[in-house]
Amino acid sequence: MALLTLKFGGTSMGGHDAIRQVARIISEHYGQGHRILTVVSAMSGVTDLLKQTARASGDGDEAAHVATVGEIRRRHHETMEQLVENADIKHEALTDIDTLLDGLTQMCHSIAVLRDVTPRGMDLIMSFGERLSARILSAHLRDLGYNSVAIDANELIVTDENFQDAAPLMDETTVKVRTRLVPLLEQRVIPVVTGYIGATRKGIITTLGRGASDFSAAILGAALETDDLDIYTDVDGIMTTDPRIVPTAKVIPVLSYGEIGELAYFGAKVLHPKTVQPMIDRGSPVRVRNTFNPQHIGTLLQPQAEITSGTIKAITMIKDVSLCSVEGRGMVGVPGLAGRSFTACARANASLLLFSQSSSEQSFCFIIPTNRVEAALESIRYELRSEIERRDVDRVWSRDDVVIITAVGAGMRGTPGVAARVCSALADNGINILVIAQGSSEYSISLVVATEDGAKAVQSLHQLVATEVTG
Ligand code: ADP
Ligand code: ASP
Ligand code: MG
């Protein structure tokens, strides 16, 4: 009797029809005799709503939460009404939901009075989406006759105190997860666990980063030594590029952990970049599948790469980033300038997505999210103030409205001429490349181009994607 961990994303939890479909998938696997652990995201759009409300409350807007909580209550009540017939189950679940929403209201009110929302407060508010959705699915399963219980992952996943982007402490988590979930699974209860959230050792709620319900499922699955981890989403699998940019994008049948890590890091929003991390030691198969087309086999993620002769398997794009540059004729041979600039970026809470240095050592540039660019430049200018005064560094500047386009594929390693093909594909389409950088894994080549050229660049490079992956 295998243990299957099934994760369902925001669209899959988006309304009563979708949740019915989720329950069908669960019951099919359950009917085959497997033990099932489910992990869920918030209903689509709810986490964004919560984030906006937390911000507005932090700005002192006392009324902001009233409309949001009302909207969230209406949506969850309506969905529950559609999905649960048994009066007792419905009453219990609706009471639970209302209690949660009352807590949310109080929290927003306190934040509005304080006029300050800390990352810790943000996490608490943003955790409500999953806590609500888990209760709906669990009630629906109970209504269908299954034994199910909704569990908040702050009781299971122990994290560090890095609010908004917390990392799991795997040893402690494993103990908690096994103690709580193994007895339930052995009795064939179906736990519905909230994705996205955890708690510090002191029990304070944290979140693992946007889109991290995939990661939560992998953490829980790894702790339980799951036989399979299936990430159910709203597309047939991981595709050769974002289907919203290139409608002819195709599902990639097999990808390695290394390749998916690179793809997710460089913007393929379909999977959280850390998802495969907990699975690496176990080597369990991970699949990305479509809730709304469960017959499709999806994408299989496996430890080793399959090298295809076509080399490039997928193209990604990261938007809302800026190109920062540090320049100066006096920089040649001065050690540590890049390192100090990176530390300055880190102090400004700006994560560095890409780095490139000119071979003349007279400049280096890097890419950071646009919303951190001002703080990062200020921090670098302060860090390099002596060099700037001495005129060793002439300019620290930035350019907004750029995107990072990345070509990914394990077969690129050791295949000569890939960079040349990539550059000429862009040149043939009249696209100017601002920066080019190769990933240290040699699984990827990234290019920075103007935002206005972004979609065209993805489309041009997509034509290079190996025809043999288009299965
Ligand atoms: P979920 O809520 O199920 O976690 P997400 O919205 O996080 O779903 O991720 C699925 C979406 O990712 C798809 O609807 C698709 O638009 C987008 N996407 C971006 N890049 C890719 C890609 N390379 N392959 C598949 N989907 C992609
Ligand atoms: N609900 C969270 C988010 O929107 C986590 C997730 O969906 O994976 O970021
Ligand atoms: Mg997601």
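Here, every reference points to the structure presented above.
Rules and cut-offs
Residues numbered from 1 in each chain as written. Chains lettered and ligands numbered in written order. Predicted model: local features only at pLDDT ≥ 70, side-chain atom pairs only at ≥ 80, totals over all residues. Heavy atoms only, no water. Helix = DSSP H or I, 4+ residues; strand = E, 2+ residues; numbered from the N terminus. Rg over C-alpha atoms; globule rule 2.2 N^0.38 Å. Areas by Shrake-Rupley, 256 points an atom, 1.4 Å probe, with all protein chains shown as cover. Lys, Arg positive; Asp, Glu negative; His and termini not counted. Charge placed at Lys NZ, Arg CZ, Asp CG, Glu CD. Core = buried A, V, L, I, M, F, W, Y, C linked by side-chain atoms within 4.5 Å. Buried < 20%, exposed > 50% of the residue type's maximum accessible area, 1.4 Å probe, protein only. Contact = heavy atoms within 4.5 Å. Phe/Tyr/Trp six-rings, centres within 6.5 Å; stacked < 30°, edge-to-face > 60°. Pairing = 2+ DSSP bridges. Axes fitted to C-alpha atoms, helices over the stretch in contact; angles between N-to-C directions. Near = heavy atom within 4 Å. Nonpolar A, V, L, I, M, F, W, Y, C, P; charged D, E, K, R; others polar. Salt bridge = Lys/Arg side-chain N within 4 Å of Asp/Glu carboxyl O. Polar contact = N/O pair within 3.5 Å; in protein donor to acceptor, adjacent residues only side chain to side chain. Right-handed = clockwise from strand over helix to strand, strands pointing away. Parallel < 35°, antiparallel > 145°, perpendicular 65-115°, else oblique. Expected span 1.5 Å × (residues − 1).

Chemist: What am I meant to see in the overall build of the protein chain here?
Modeler: Counting secondary structure elements, the protein chain contains 14 helices and 16 strands. Computed over C-alpha atoms, the radius of gyration of the protein chain comes to 24 Å, within 12% of the 23 Å expected from 2.2 N^0.38 for 471 residues, which places it in the range of a compact globule. For the protein chain, the accessible area works out to roughly 20,100 Å², and carbon and sulfur atoms hold 48% of it. Side-chain charges of the protein chain comprise 44 positive and 56 negative groups, with the mean position of each set lying 1 Å from the other.

Chemist: Mind showing me how you'd approach the nonpolar core here?
Modeler: The tendency in soluble globular proteins is for nonpolar side chains to be buried as a group. Residues Ile 26, Leu 137, Leu 181 and Leu 301 are the most contacted members of the largest nonpolar core, which totals 87 residues. Counting residues per element, this core draws most heavily on helix 4 (residues 87-114), which supplies nine residues. Among all residues touching Leu 301, those that are not within four sequence positions of it are Ile 238, Leu 255, Tyr 257, Ile 260, Leu 271, Val 276, Pro 285, Val 286 and Val 288. In terms of nonpolar packing, the next biggest core, distinct from the first, is built from 21 residues, Ile 312, Ile 315, Val 403 and Val 418 among them.

Chemist: I would appreciate a short explanation of the packing of aromatic side chains in the present structure.
Modeler: Geometry of an aromatic ring pair is reported as the spacing of the ring centres plus the angle between the planes. In the structure shown here, the tally under the stated rule is eight aromatic pairs. Both rings, one in Tyr 30 and one in Tyr 146, keep their centres 5.3 Å apart while their planes meet at 80°; by these two values the pair is edge-to-face. On the criterion of sequence distance, the pair formed by Tyr 30 in helix 1 (residues 16-31) and Tyr 146 in the loop between helix 6 (128-143) and strand 3 (148-151) is long-range, its members being 116 residues apart. We classify Tyr 146 as partly exposed; its relative accessible area is 21%. Note on Phe 342 and Phe 366: the rings are 6.0 Å apart at their centroids and 85° apart in plane angle, and the pair reads as edge-to-face. Here Phe 342 is found in helix 10 (residues 337-347), whereas its partner Phe 366 is found in strand 13 (residues 363-369), with 24 residues between them in sequence. A residue is classified by how much of its surface remains accessible, and Phe 342, at 25% relative accessible area, is partly exposed.

Chemist: Would you explain the environment of Ala 18 in this entry?
Modeler: Take Ala 18: it is sitting in helix 1. Residues within four places of Ala 18 in sequence aside, it is in contact with Thr 11, Ser 12 and Phe 292.

Chemist: Got a minute to help me understand the sheet that holds strand 8 (residues 254-256) in this structure?
Modeler: For sheets, the rule is that strands pair by backbone hydrogen bonds, running either parallel or antiparallel. Sheet architecture is open: eight strands sit in the order 3-4-2-1-7-9-10-8, paired in mixed fashion. Strands at the two margins of the open sheet, each flanked by one partner only, are strand 3 and strand 8. Looking at each pair of strands side by side, their axes are set apart by 20° on average, direction ignored. Relative to the sheet, helix 1 contacts strand 1 (3-8), strand 2 (35-40), strand 4 (190-194) and strand 7 (228-233), its axis offset from that of strand 1 by approximately 175°.

Chemist: Would you mind going over the site of ligand 1 with me for this structure?
Modeler: By nearness alone, 16 residues border ligand 1, and Gly 10, Thr 233, Asp 234, Met 239 and Lys 269 come closest of all. For ligand 1, whose unbound accessible area comes to 570 Å², protein coverage reaches 88%. Class assignment of the residues belonging to the shell around ligand 1 gives a composition of six nonpolar, five polar and five charged.

Chemist: What am I meant to see in the pattern of salt bridges here?
Modeler: It is possible for side chains bearing opposite charge to pair when their charged atoms get close. According to the stated counting rule, one finds 24 salt bridges in the structure shown. The shortest N-O distance in the salt bridge between Glu 78 and Arg 74 comes to 3.0 Å. With Glu 78 and Arg 74 both in helix 3 (residues 64-83), this residue pair falls four residues apart, about one helical turn. For Glu 78, a relative accessible area of 45% gives the class partly exposed.

Chemist: In this structure, what is going on with the site of ligand 2? I would like to understand it.
Modeler: Surrounding ligand 2, one finds Ser 41, Thr 47, Glu 130, Tyr 196, Arg 210, Gly 211, Ala 212 and Ser 213. For ligand 2, a nitrogen atom lies 2.6 Å from a polar atom in the side chain of Glu 130. Contacts to ligand 2 include Arg 210, whose side-chain N or O atom sits 2.7 Å from an oxygen atom. Protein contacts shield 85% of the accessible area of ligand 2, which totals 260 Å² for the unbound molecule. Each residue belonging to the shell around ligand 2 can be placed in one class, and the counts come to two nonpolar, four polar and two charged.

Chemist: Just to check I follow, could you spell out the pairing of strand 3 for this structure?
Modeler: Looking down a regular strand, the side chains alternate between one sheet face and the other. With four bridges joining them, strand 3 and strand 4 adopt parallel strand pairing. Each bridged residue has a counterpart across the sheet, and for Val 149 the counterpart in strand 4 is Pro 191. For the crossover that starts at strand 3, traverses helix 7 (residues 170-186) and ends in the parallel strand 4, the hand is right-handed.

Chemist: I keep staring at the environment of Ile 197 and nothing clicks. Help me out?
Modeler: Mapping Ile 197 onto the fold places it in strand 5 (residues 197-199). Under the relative-accessibility criterion, Ile 197 is labelled buried at 0%. Once the C-alpha coordinates of Ile 197 and Val 182 are considered, the two residues, 15 residues apart in sequence, prove to be 20 Å apart.

Chemist: In this structure, what is going on with the packing of helix 3 against helix 4? I would like to understand it.
Modeler: Angle between the axes and distance between the axes: these two values describe a pair of packed helices. Packing of helix 3 against helix 4 leaves a shortest axis separation of 11 Å and a crossing angle of 170°. By the angle between their directions, the pair helix 3 and helix 4 is classed as roughly antiparallel. Residues His 65, Val 69, Ile 72, Arg 73, His 76, His 77, Met 80 and Glu 81 of helix 3 lie in contact with helix 4, whose contacting residues are Lys 90, Ala 93, Leu 94, Ile 97, Asp 98, Leu 101, Asp 102, Leu 104, Thr 105, Cys 108 and His 109. A per-class count over the contact of helix 3 with helix 4 returns nine nonpolar, five polar and five charged.

Chemist: Whenever I open this one, helix 1 confuses me. Can you help?
Modeler: Residues spaced three or four apart along an α-helix face the same direction, because each turn holds 3.6 residues. Taking 1.5 Å of rise per residue, the 16 residues of helix 1 would be expected to cover 22 Å, and the 22 Å separating its terminal C-alpha atoms lies within 8% of that figure. Close packing links the buried residues of helix 1 with strand 1, strand 2, helix 3, helix 6, strand 4 and strand 7. Downstream of helix 1 by one or two residues, Gly 33 has phi in the positive range, about 95°.

Spatial relationships are all this shows, so hold off on functional conclusions.
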